[in-house]
Amino acid sequence: MTIKTLLIAPYTGLKELASSLAKEQQGLDLTVVQADLQEAIPIVKQYENKGVDLIISRGGTAQLLRQSTSLPVIEIQVSGYDILRILTLVKDYHANHWIIGFTNICQGFVSVSNLLGIYIPYTIIHDQKEVDEAVQQAKAAGAQTIIGDTITCKTAEMHGLHSILITSGKESVMEAFEQAKQTYQMIQNAAKEAKRYKQLLQQSHVSIAIYDEQGVIEYASPSFRSRLSRMGIDGGEASIRTCLPFLRNECQTLSREISPVEIEYTFTINEGQAHVRQGCLNTDSEENRYYVRLTENVESHREHGLAVSVIQPAMRSFSQIIGDSEPIQAVIRQGEQATKHREPVALYGERGTGKKTLACIIHCESDETEGPLLFVRLINDDDQLVDRLHAIFTCAKRGTCILQGVEQLPTTRQDDIARLIPEATVRLIFLFEDSPAHLLRPKQLSPHLFRLFKPNQIRLPSLREYMDDLGEYARKFIAQHNAKYGKQIVGIDEDALKWLHRRDWKDNLHELNDVIERAVQAARHEYIRTEDLTAIGFFGPGNNFWLDLHKPLAEIEKEIIWKVLQEEDMNQTKAAKRLGINRSTLWRKLK
């Protein structure tokens, strides 16, 4: 191991000492150049191009070089021996001495001189620009000889004073050589570790990019570049914001506040969907680094109490809401009223009634549309949950946070969340399946939280309450899935529509959309027919049971067994006989 080292010596004696000591050093390929302060910078730039591994210098020159080069700079310290030699030299002088130097030099001299009973006044400087004024003040105070580094001694002589240079002895130079070797070894070990991690990322095909505060990409895995190219995006771009323009600045800052929780994005890019997760690397408190991962689908993470995603609204206007029935029109009126204020709002209704869609429209139709639209799912309680929610609630001056699952938390935690709301800078919209008033009774909802949105509650009706609009919704879903699957279905025939009207629709519009999507895929004619519904497991009038054929076989079997059990009044013997299996097999399949 040979360490290519450049030593910048501010004075001739240090150059000679370092050159002679370097001959005894194994593993150090040392080049010694004499230069002081600013004149050292171009020399270092020149040697950077020659593959120098690190720099050694001292005093103000070392501090200046740290600001001018990315190479490690080892400082030759002023040792106790150096201080003792200077004090021994000047103790019998009759001239008035004054020490001028940076903090480390002055403090060292004061400590040793006090031990020896020698008092020498001193001035601490923090920048070389302060040297001239410090010398003049010392002179005015009666100083005759200035003790300091090279620039201090030169300045003292310019003002007609004597000077004594604080020189570095053999011990200080040898210690700097040892520190250089240790530093180089640490750098090499870190480089090997980074190389291993980089190789791991490349071989594991993780699509990840790391970037700085300004969005400049510092590392992008080959898989990341490749996937961008497949999506029609220039994978060679140097800025993450050019590659993925939908990433919001507010969310970059937010990812730092809620780390290690990642922020999820699902966005359409060039007619394809991109699933992105954004996070912060908390490895350096001074320089923030962020990352994005491209994933195949939305991932589920439960370990941090909540999941945060940025929503791309599918609908942005109340005019896009289908239906002339009174229940739907009432929702529109209440939604429009909610856009006129920033108070917390609660939307409630059965699963699949469109609560999140309405929340998105309220955001888009209000003054909050300039800010981010966040969807936060509260999954379980966590000690840091309140701190993370505070960061989310205050991440931007405008925007909307849609909050789901608050009723799953202990009411004491809900009280903590209620205390955050007055400080929130984004609009808050809460989603519930049950009525908030009903949730109060079994103490699933905090009264303090309830009071905050009590005046602004909107109930979304079930599909059963506006069945006259079902046909129109079905046609909308047909149009969407025609485009998705390249089909040309023009509608639903009368018999099939009757089947749809007689269904219970427990999952409401979500379930209707799912049925229509499967029927569009199955249909072989211009209209969806009853045989298409039968083909996807949707049975005829009077029977609300249908099978989701995309589920695993074991789950489909379980649904059939439970349905037969219900029809046989939970008589296990009759159900088993009807299914052609014995009772033990029946219960084994239900486990």
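Below you will find a few notes about this structure. (Residues numbered from 1 in each chain as written. Predicted model: local features only at pLDDT ≥ 70, side-chain atom pairs only at ≥ 80, totals over all residues. Heavy atoms only, no water.)

Thoughts on the pattern of salt bridges
Consideration 1: The tally for this structure, following the rule as stated, stands at 26 salt bridges.
Consideration 2: One continuous salt-bridge network, built from bridges that share partners, spans E262, E264, R277 and R293. (Salt bridge = Lys/Arg side-chain N within 4 Å of Asp/Glu carboxyl O.)

Brief notes about the sheet that holds strand β6 (residues 122-124)
Consideration 1: Strand order across the open sheet formed by 4 strands is β6-β5-β7-β8, with parallel pairing between neighbours. Strand pairing shows two members of the sheet lacking a second neighbour, β6 and β8 (162-165), which therefore form its edges. In this sheet, adjacent strand axes meet at a mean angle of 20° when their direction is disregarded.
Consideration 2: Here strand β7 (residues 145-148) runs beside β8; their pairing, made up of 4 bridges, is parallel. Residue pairing in the sheet places T145 in a bridge with H162 of β8.
Consideration 3: In this fold helix α7 (residues 150-158) packs onto β5 (97-101), β7 and β8, with an angle of close to 170° to the strand it touches most, β8. (Pairing = 2+ DSSP bridges. Helix = DSSP H or I, 4+ residues; strand = E, 2+ residues; numbered from the N terminus. Axes fitted to C-alpha atoms, helices over the stretch in contact; angles between N-to-C directions. Contact = heavy atoms within 4.5 Å.)

Some remarks on helix α5 (residues 103-116)
Consideration 1: Taking 1.5 Å of rise per residue, the 14 residues of α5 would be expected to cover 20 Å, and the 20 Å separating its terminal C-alpha atoms lies within 8% of that figure.
Consideration 2: Residues I105, C106, G108, F109, V112 and S113 constitute the buried set of α5. Within α5, the buried residues cover an arc of 160° as seen down the axis, which keeps them to one side. Away from the buried face of α5 by more than 90 degrees, exposed residues N114 and L115 are located.
Consideration 3: Structurally, α5 contributes buried residues whose contacts are with α4 (80-90), β5, β6 and β7. (Expected span 1.5 Å × (residues − 1). Buried < 20%, exposed > 50% of the residue type's maximum accessible area, 1.4 Å probe, protein only. Arc of directions from axis to C-beta.)

Some words on the packing of helix α1 (residues 12-22) against helix α8 (residues 170-203)
Consideration 1: Here α1 crosses α8 at 55°, and the two axes come no closer than 10 Å. Here α8 runs oblique to α1, going by the angle between their axes. Between α1 and α8 lies a crossing whose hand is right-handed. In contact with L14, L17, A18, L21 and A22 of α1, α8 contributes K170, V173, M174 and F177.
Consideration 2: For the contact of α1 with α8, the residue count by class is 8 nonpolar, no polar and 1 charged. (Parallel < 35°, antiparallel > 145°, perpendicular 65-115°, else oblique. Left-handed = near helix turned anticlockwise from the far one by under 90°. Nonpolar A, V, L, I, M, F, W, Y, C, P; charged D, E, K, R; others polar.)

Some points on the nonpolar core
Consideration 1: Core analysis: the biggest nonpolar cluster contains 61 residues, and L244, L378, L389, I392 and F393 have the highest contact counts within it.
Consideration 2: Ranked by residue count, the leading element in this core is helix α14 (residues 385-393), at 6 residues.
Consideration 3: Not counting chain neighbours up to four residues away, the residues in contact with L378 comprise G305, L306, L385, L389, L403, Q404, G405, V406, Q408, L409 and I417.
Consideration 4: The next biggest cluster of nonpolar side chains, apart from the first, holds 48 residues, and it includes I321, L373, L431 and M467. (Core = buried A, V, L, I, M, F, W, Y, C linked by side-chain atoms within 4.5 Å.)

A closer look at the packing of aromatic side chains
Consideration 1: Within the structure shown, the criterion is met by 8 aromatic pairs.
Consideration 2: For the pair F430 and F432, a centre-to-centre distance of 6.5 Å together with 15° between the ring planes defines the contact as stacked.
Consideration 3: The exposure class assigned to F430 is buried, which follows from its relative accessible area of 0%.
Consideration 4: In this structure F432 comes out as buried when scored by relative accessible area, which is 1%.
Consideration 5: Seen in terms of ring centroids, Y466 and Y473 are 6.0 Å apart; in terms of plane orientation they differ by 55°. Their pairing is tilted.
Consideration 6: Joined through ring pairs, the aromatic side chains of F430, F432, F450 and F453 make up one cluster.
Consideration 7: Stacked on the ring of F375, the Lys or Arg K356 has its end atom at 4.0 Å from the ring centre.
Consideration 8: Sitting above the plane of the W505 ring, R503 keeps its charged end 5.5 Å from the centroid. (Phe/Tyr/Trp six-rings, centres within 6.5 Å; stacked < 30°, edge-to-face > 60°. Lys NZ or Arg CZ within 6 Å of the ring centre and 35° of its normal.)

With respect to the sheet that holds strand β3 (residues 54-58)
Consideration 1: Strand order in the open sheet formed by 4 strands is β2-β1-β3-β4, with parallel pairing between adjacent strands. Strands with a single pairing partner mark the edges of an open sheet, and in this sheet they are β2 (28-34) and β4 (73-76). Averaged over all pairs of adjacent strands, the angle between strand axes in this sheet comes to 25°, irrespective of strand direction.
Consideration 2: Sheet topology note: the strand β1 (residues 3-9)/β3 ladder contains 3 bridges and is parallel. Residue pairing in the sheet places L7 in a bridge with I56 of β3.
Consideration 3: Sheet strands touched by α1: β1, β2, β3 and β4. Its angle to β2, the strand with the most contacts, is close to 165°.

Overview of a negative patch on the surface
Consideration 1: A cluster of acidic side chains, namely D127, E130, D132 and E133, defines a negative patch on the protein surface.
Consideration 2: The topology assignment puts D127 in the loop between β6 and α6 (131-140). (Patch = residues over 30% accessible without salt bridge, like charges linked within 9 Å, V, L, I, M, F, W, Y side chains within 5 Å. Areas by Shrake-Rupley, 256 points an atom, 1.4 Å probe, with all protein chains shown as cover. Lys, Arg positive; Asp, Glu negative; His and termini not counted. Charge placed at Lys NZ, Arg CZ, Asp CG, Glu CD.)

Re the pairing of β1
Consideration 1: Among the 7 residues that make up β1, 6 are buried, leaving the element largely enclosed by the rest of the structure.
Consideration 2: Sheet analysis places β1 next to β2, joined by 7 bridges and oriented parallel. For K4, the partnering residue across the bridge sits in β2 and is D29.
Consideration 3: Between the parallel elements β1 and β2, the chain passes through α1 in a crossover that is right-handed. (Right-handed = clockwise from strand over helix to strand, strands pointing away.)

Remarks on a nonpolar patch on the surface
Consideration 1: There is a patch of nonpolar side chains on the surface, built from L84, L115 and L116 and spanning about 320 Å² of accessible area.
Consideration 2: Considering the arrangement of structural elements, one finds L115 in helix α5.
Consideration 3: Here L115 falls in the exposed class, since its relative accessible area comes to 77%.

Points about the state of the cysteines
Consideration 1: Tallying each qualifying case throughout the model produces 0 disulfides.
Consideration 2: The structure places no disulfide on C243, whose sulfur is separated from the nearest cysteine sulfur, that of C251, by 18 Å.
Consideration 3: Here C243 falls in the buried class, since its relative accessible area comes to 1%.
Consideration 4: With no disulfide partner, C280 has as its closest neighbouring cysteine sulfur the one in C251, 13 Å distant. (Disulfide = S-S within 2.5 Å.)

A closer look at unusual backbone geometry
Consideration 1: P260 follows S259 through a cis peptide bond whose omega is 10°.
Consideration 2: Tracing the backbone through its elements, the reader meets P260 in the loop between α11 (249-258) and β11 (263-269).
Consideration 3: The residue H205 is not glycine, and still its phi comes out positive at about 60°.
Consideration 4: Topologically, H205 is positioned in the loop between α8 and β9 (208-211).

Things to note about the side chain of S462
Consideration 1: The residue S462 is located in the loop between β19 (457-459) and α18 (470-485) in this model.
Consideration 2: Those residues in contact with S462 that lie beyond four places of it in its chain are E350, T353 and N508.

Overview of the packing of α18 against helix α20 (residues 508-522)
Consideration 1: Between α18 and α20, the least distance of the axes is 9 Å, while the angle of their chain directions is 50°. Considered as vectors, α18 and α20 are oriented oblique to each other. Helix-helix and strand crossings are classified by hand; for α18 and α20 the assignment is right-handed. Contact residues: L470, Y473, A474, F477, I478, Q480, H481, N482, K484 and Y485 in α18; L509, L512, N513, I516, E517, V520 and Q521 in α20.
Consideration 2: Split by residue class, the contact of α18 with α20 holds 10 nonpolar, 5 polar and 2 charged.

By themselves, these figures tell us nothing about what the structure is for.
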